[in-house]
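# Structural overview
Residues per chain, in single letters:
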Amino acid sequence: MYVPKHFVPGEDAVRDLLAHHGASDLVTMTPRGLLSTLLPFEYDPDAGEHGALIGHMARANDQWREPVQGEAMVIVRGPEAYITPTWYATKREHHRVVPTWNYMAAHVYGQLVVHDDPAWIEAQMRRLTDRHEAGSDEPWSVDQAPARYIAGRLRAVVGVELLISRVEAKSKLSQNQPRENVEGVVAGLIARGQAGDTAVAAAVRAHDPHPTTS
């Protein structure tokens, strides 16, 4: 991943991205070539030396059966948004501005381990479900479904775990812009109000390199 120095995130920001991302792409190089599957993962910081991403995929998906050549990779994405140059204060001064894309992303590398164990898979399913249901007024739990039905669903999937060896991360959030442009980006995102814009505005604020003045 190409990461200019002003877009290098801190360790806390990387851990937060891994802990709160949505679905991510599991990518493996196999004898059949590159294979990829979009999967929701949970971050387990206590697994192995550098933590792990744990998830599950359909048993019918051949990716888990294919031998992995080298490391596997999970592409984790955070909030992202199109940034129009009309939000830049410097546009009114010299017009030497262009559009860009703000985003947070991480390439997570490691050893892929397959878990064909119903107990392991059920624990992972419960953990994943509980996290995503936490904000609901009426959170759903695995226990609300019939036990025989859940047992059948568990047989239809296999668990996957990426034991992390290294992470390459990037937070491209207008840190290379002057203060007035950063302020314009935040205001523009909030005013536009498209899906995800509020999250990107918050991320831009959190990574603002300009110290506040009283």
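Before any of the text, the structure's been laid out above.
The paragraphs below set out a description of the structure included in this document. Only a predicted model underlies this, so the values are computations on that prediction, with no experimental measurement involved. (Residues numbered from 1 in each chain as written. Predicted model: local features only at pLDDT ≥ 70, side-chain atom pairs only at ≥ 80, totals over all residues. Heavy atoms only, no water.)

## Some details on the overall build of the protein chain
- Looking only at helices and strands, the protein chain has six helices and seven strands in total.
- When its helices and strands are written in sequence order, the protein chain yields α-β-β-β-β-β-α-β-α-α-β-α-α.
- Oriented by its inertia axes, the alpha-carbon framework of the protein chain measures out at about 65 × 45 × 30 Å.
- Expressed as a percentage of its 214 residues, the buried residues of the protein chain come to 43%. (Helix = DSSP H or I, 4+ residues; strand = E, 2+ residues; numbered from the N terminus. Buried < 20%, exposed > 50% of the residue type's maximum accessible area, 1.4 Å probe, protein only.)

## Thoughts on the packing of aromatic side chains
- Considering all chains together, one arrives at one aromatic pair under this definition.
- If you follow Arg166 out to its NZ or CZ, it ends over the ring of Tyr109, 3.8 Å from the centre. (Phe/Tyr/Trp six-rings, centres within 6.5 Å; stacked < 30°, edge-to-face > 60°. Lys NZ or Arg CZ within 6 Å of the ring centre and 35° of its normal.)

## So, the environment of Ala81
- Within the secondary structure layout, Ala81 lies in strand β5 (residues 72-83).
- Each C-alpha atom of the pair Ala81 and Glu49 lies 33 Å from the other, and the pair is 32 residues apart in sequence.

## What about the pairing of strand β7 (residues 157-172)?
- Bridge count for strand β4 (residues 52-58) against β7 is seven bridges, and the pairing is antiparallel. Within β7, the position partnered with Leu53 by the bridge is Leu162.
- Relative to β7, strand β6 (residues 100-115) runs antiparallel, the two being bridged by 13 bridges. The residue bridging Leu112 from the neighbouring strand is Leu162, located in β7. (Pairing = 2+ DSSP bridges.)

## Concerning the pairing of strand β1 (residues 23-30)
- Of all eight residues in β1, six are buried, a share of seventy percent or more.
- In this structure, the hairpin formed by β1 and strand β2 (residues 33-40) is closed by a connection of two residues.
- Across three bridges, the pairing between β1 and β5 is antiparallel. Its bridge partner lying in β5, Leu26 is registered against Val74.

## Regarding the packing of helix α5 (residues 179-192) against helix α6 (residues 197-206)
- Two numbers describe how α5 lies on α6: the axes approach to 8 Å, and their chain directions differ by 160°. Taken as axis vectors, α5 and α6 run roughly antiparallel relative to one another. Crossing handedness for the pair α5 and α6: left-handed. Between α5 and α6, the residues in contact are Val182, Val185, Val186, Leu189, Ile190 and Arg192 and Asp197, Val200, Ala201, Val204 and Arg205, respectively.
- Taken together, the residues of the contact of α5 with α6 break down into eight nonpolar, no polar and three charged. (Axes fitted to C-alpha atoms, helices over the stretch in contact; angles between N-to-C directions. Parallel < 35°, antiparallel > 145°, perpendicular 65-115°, else oblique. Left-handed = near helix turned anticlockwise from the far one by under 90°. Contact = heavy atoms within 4.5 Å. Nonpolar A, V, L, I, M, F, W, Y, C, P; charged D, E, K, R; others polar.)

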